[in-house]
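# A structural walkthrough
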Amino acid sequence: MSSGTRDPEVVRVSQKGQATIPKTLREKFGIDTPGEVFIYEEDERIIVEPVPSLEELGGIHADTDRERGEVLERVRELKHEERRREEARADRLRPADSEDE
């Protein structure tokens, strides 16, 4: 993760299994309320991701012959590509190591 909240925040889970995403994170990741998020398990962690807007999907539904689950998989691919770009950008912005000195 290139930048983010490293200090965990305690969030209560209701009897119905509901938890509130802190306002700072909702604002940072563009999660509207009311709204929707993807939630799934990855590498023994629970992942919560905003559902992309129609603009972010950019014509993903153009092909009507898609199999069930292909749209979600494409969204995950787009998010993964975005993460790689963010990490590459963060690497470029980090100060160079002083090993050469």
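Residues numbered from 1 in each chain as written. Predicted model: local features only at pLDDT ≥ 70, side-chain atom pairs only at ≥ 80, totals over all residues. Heavy atoms only, no water.

## With respect to the pattern of salt bridges
Side chains that differ in charge, positive against negative, can pair when their charged atoms come close. This structure, assessed with the given rule, holds two salt bridges. A salt bridge links E49 to R83; its shortest N-O distance comes to 2.6 Å. Of the two residues, E49 sits in strand β2 (residues 45–50) while R83 sits in helix α3 (residues 70–93), which places them 34 residues apart along the sequence. On the basis of relative accessible area, E49 is assigned to the buried category, the value being 7%. (Salt bridge = Lys/Arg side-chain N within 4 Å of Asp/Glu carboxyl O. Helix = DSSP H or I, 4+ residues; strand = E, 2+ residues; numbered from the N terminus. Buried < 20%, exposed > 50% of the residue type's maximum accessible area, 1.4 Å probe, protein only.)

## With respect to unusual backbone geometry
The amide bond that connects T33 to the next residue, P34, takes the cis arrangement and shows omega of -10°. Positive phi outside glycine occurs at D43, with the angle close to 50°. With phi around 65°, E44 is a residue other than glycine that occupies positive phi space. Mapped onto the fold, E44 is located in the loop between β1 (37–42) and β2.

## Looking at the side chain of E49
Within the structure, the side chain of E49 is placed 2.6 Å from the side chain of R83, a separation counted as a polar contact. With residues near it in sequence (within four places) discarded, E49 still touches V37, F38, Y40, K79 and R83. (Polar contact = N/O pair within 3.5 Å; in protein donor to acceptor, adjacent residues only side chain to side chain. Contact = heavy atoms within 4.5 Å.)

## So, the pairing of β1
Pairing geometry for β1 and β2, over six bridges, is antiparallel. Across the sheet, E41 pairs through a bridge with I46, a residue of β2. (Pairing = 2+ DSSP bridges.)

## Considering the confidence of the model for the chain
Mean pLDDT for the chain: 77, with 71% of residues reaching 70 or above. Averaged pLDDT values for the elements of the chain fall to 66 in helix α2 (residues 54–57) and rise to 90 in helix α1 (residues 23–29). (pLDDT = per-residue confidence, 0-100.)

## Concerning the environment of L72
Structurally, L72 can be placed in helix α3. Residue classification places L72 among the partly exposed positions, given a relative accessible area of 29%. Through-space distance from the C-alpha of L72 to that of V51 is 9.7 Å; in sequence the pair is 21 residues apart.

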